[in-house]
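Inside the fold
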Amino acid sequence: MPEFMDVHTTMQGVTPEALTEAHNADLAIQDDEHVNFKHAWADPESGMVFCLSEAPSAEAVQRIHQRAGHPADNIYQVPVQA
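Of regular secondary structure, the protein possesses two helices and four strands. Ordered by position from the N terminus, the helices and strands of the protein form the series β-α-β-β-α-β. Each principal axis of the C-alpha distribution contributes one length, and for the protein these read about 35 × 30 × 20 Å. Scored against the burial criterion, the 82 residues of the protein give a buried share of 38%. Summarising the internal contacts of the protein: among those between residues at least 6 apart in sequence, 67% fall at separations of at least 24. Here the protein displays about 4,800 Å² of accessible surface, and carbon together with sulfur accounts for 53% of that area.

On to helix α1 (residues 16–29), then. For an α-helix the count is 3.6 residues per turn, leaving residues at separations of three or four pointing the same way. Taking 1.5 Å as the rise per residue, α1 with 14 residues should run 20 Å; its terminal C-alpha atoms sit 21 Å apart, in good agreement. If you check which residues of α1 are buried, you get L19, A22, H23, D26 and I29. Buried positions in α1, seen along its axis, are confined to an arc of 140° and lie on one side of it. When the buried face of α1 is taken as reference, the exposed residues oriented beyond 90 degrees from it are P16, E17, E21 and A28.

On to the pattern of salt bridges. Under the defined criterion, the tally for this structure stands at four salt bridges. Residue K38 pairs with E3 through a salt bridge whose shortest N-O separation is 2.5 Å. On the criterion of sequence distance, the pair formed by K38 in strand β2 (residues 36–43) and E3 in strand β1 (residues 3–8) is long-range, its members being 35 residues apart. A relative accessible area of 38% places K38 in the partly exposed class. Salt bridges sharing common partners tie together E3, K38 and E54.

Cut-off values and rules
- Residues numbered from 1 in each chain as written.
- Predicted model: local features only at pLDDT ≥ 70, side-chain atom pairs only at ≥ 80, totals over all residues.
- Heavy atoms only, no water.
- Helix = DSSP H or I, 4+ residues; strand = E, 2+ residues; numbered from the N terminus.
- Buried < 20%, exposed > 50% of the residue type's maximum accessible area, 1.4 Å probe, protein only.
- Contact = heavy atoms within 4.5 Å.
- Areas by Shrake-Rupley, 256 points an atom, 1.4 Å probe, with all protein chains shown as cover.
- Expected span 1.5 Å × (residues − 1).
- Arc of directions from axis to C-beta.
- Salt bridge = Lys/Arg side-chain N within 4 Å of Asp/Glu carboxyl O.

See below:
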């Protein structure tokens, strides 16, 4: 299944607890779209949050994020890794 990195740009001040809460909100409904959210990273100062997932499409990732209340600003397929 393809992997995707999505980016949120407006989460200034996000705490570890808030990031965990947002990630858990995605995990609670991810099966509805056959998405597997693997990990999330955040920089509270810049407001950037990055999420890595496996999913059938970028649209499936976005639908989960929208339902969880934090739509992504950009979603990129990442077919090559090192």
